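Remarks on the overall topology
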Amino acid sequence: MGTNLKNLELPYNRGHHFFAIFTACATLVVITAGALVTSNDAGLSVPDWPTSFGYLVKVPHFVGGIRYEWTHRMLAGSLVTLTLAIALWTLAVEKRRWLRWLALAALGTVIAQAILGGLTVLLLQPPAVSAAHASVAQTFFCIAVIIAVFTGRQWIEEQPRVEFDQRRPSLFTLTLLSIFVLYVQLVLGAMFRHHGLSWWPHVLNAVVVSFVLAWTAVRALSHYSHIEAVRRPAILMLSLMIAQLCLGFAAFLTRVEWGKDAVQPELPMVLSTVAHVAVGALLLATTVVLAIQVWRHIPVAFEERLLEAERNPSAA
Ligand code: HEM
Ligand code: HEM
């Protein structure tokens, strides 16, 4: 009953939700454009920042890596504007206080990301700064995706069918573990890509990632496949993980094995590494969505919660 009343106060805002989806899609485009900069070794082709060859928006001659670095900057600038717009829109229409804070957090993250991008250029690509730029990019993508989920019609209007999870480790714990190992994988991959670490910690951790994500997906699908909000991200997570492993092997062959004596950047290396970065971002965001849906539909059963549910079944 309480949930019903709360939902009546929360009208679904189609325009706001579609704009949130657009911002999330735009983020994936900027991540792909950024990955093209790194794979083409174009990070220092525009030497100044926040200006580009002394101007804020003047198109330079597209020679060498300039086309990648300049395009990435312009797309990133547009993304900062989109994020400012979604933050202001959220503050104007949103009743949920935590979501207003999340929109402000998105704005803070994208500004921090732009500053890290600038520092990468001004400090001449220290591995830690470049890897931080790569990692914050995916964090921002996750925030943009969950804002789109929280503003969606399904999230606002559905009455979640709650099933308490009595298994240990709980499915929710497994999803949190999956996010953790994926973050470790992201940082190790970014440090390798930016020449701060060898490749083997990343490849070794890929075994851990495969095990933890497979465990999570199998648990979700074998016990809760009747809950669509959980089944869909679980299947997507598993499929993206398989694709990501294949792309990882392709990136390894083209970058490390065949690539070491080649005059880089060669097209197969660029394609496989850029796809590996983009699918990595999709995989992380999907896992975050899965964790949120599990938290909503399959909360961990503590004794007090079970007793409360028995006493008052409609509240569950
Ligand atoms: C206007 C501000 C920005 C500047 C000046 C900037 C600059 C750069 C530079 C120079 C690189 C290449 C780094 C290297 O190869 O060492 C890069 C890569 C990248 N950027 Fe940005 N960037 C900015 C904003 C953004 C934003 C807003 C995002 C996304 C949310 C983003 C996502 C990325 C990604 C994903 C990479 C590739 C990292 C990798 O492949 O390891 N950047 N950026
Ligand atoms: C599901 C498991 C995996 C995930 C989530 C993952 C994720 C990532 C991410 C996000 C990056 C780039 C970080 C950045 O933005 O800079 C990366 C880089 C890389 N990964 Fe993976 N990876 C996985 C498995 C693998 C496997 C199995 C291999 C090889 C056998 C591999 C090889 C590489 C290589 C070679 C790079 C660097 C590419 C370059 O130098 O341009 N990855 N990985």
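Rules used in this analysis
- Residues numbered from 1 in each chain as written.
- Chains lettered and ligands numbered in written order.
- Predicted model: local features only at pLDDT ≥ 70, side-chain atom pairs only at ≥ 80, totals over all residues.
- Helix = DSSP H or I, 4+ residues; strand = E, 2+ residues; numbered from the N terminus.
- Rg over C-alpha atoms; globule rule 2.2 N^0.38 Å.
- Buried ≥ 20, exposed ≤ 12 C-beta atoms within 10 Å, placed from the backbone.
- Contact = placed C-beta atoms within 7 Å.
- Near = placed C-beta within 6 Å.
- Nonpolar A, V, L, I, M, F, W, Y, C, P; charged D, E, K, R; others polar.
- Domains from an automatic or database assignment.

Focus: the overall build of the protein
Within the protein, the secondary structure is distributed over eleven helices and zero strands. The C-alpha radius of gyration of the protein comes to 21 Å, within 12% of the 20 Å expected for a compact globule of 316 residues. Each principal axis of the C-alpha atoms in the protein carries an extent, and together these give about 70 × 45 × 25 Å. Each of the 316 residues in the protein was classed as buried or not, and the buried ones make up 36%. The contacts of the protein with a sequence gap of at least 6 include a subset with a gap of at least 24, amounting to 76%.

So, the site of ligand 2
Lining the immediate environment of ligand 2, one finds 28 residues, of which Ala134, Gly189, Ala190, Gly248 and Gly280 sit closest. Mapped by element, the contributors of at least two residues to the shell around ligand 2 are α7 (171-193), α8 (200-224), α9 (228-257) and α10 (267-297). In terms of residue count, the dominant contributor to the shell around ligand 2 is α9 (nine residues).

Some thoughts on the site of ligand 1
Around ligand 1 sit 32 residues, and of these Gly34, Gly43, Ala76, Gly117 and Ala134 come closest. Among the elements of the structure, α2 (14-39), α3 (66-93), α4 (97-122), α5 (127-150) and α7 are those that each provide at least two residues to the shell around ligand 1. Of the residues assigned to the shell around ligand 1, the class counts are 15 nonpolar, 14 polar and three charged. Both domains that meet at the shell around ligand 1, namely domain 1 (1-159) and domain 2 (160-316), each give it at least three residues.

Observations concerning the domain arrangement of the protein
Think of interface size as the accessible area that goes away when the parts come together; that is how it is often given. What the domain assignment lists for the protein is domain 1 (1-159) and domain 2 (160-316). Between the C-alpha centres of domain 1 and domain 2 there is a distance of 21 Å. Take the side of domain 1 that touches domain 2: its biggest share by element is twelve residues, from α5. Among the residues forming the side of domain 1 that touches domain 2, the class breakdown is 14 nonpolar, ten polar and two charged.

Structural notes on the environment of glycine 34
You can see glycine 34 is positioned in helix α2. Residues glycine 34 and valine 277, spaced 243 residues apart in sequence, show a C-alpha to C-alpha distance of 9.5 Å. Apart from residues no more than four positions distant in its own chain, glycine 34 is found in contact with His72 and Ala137.

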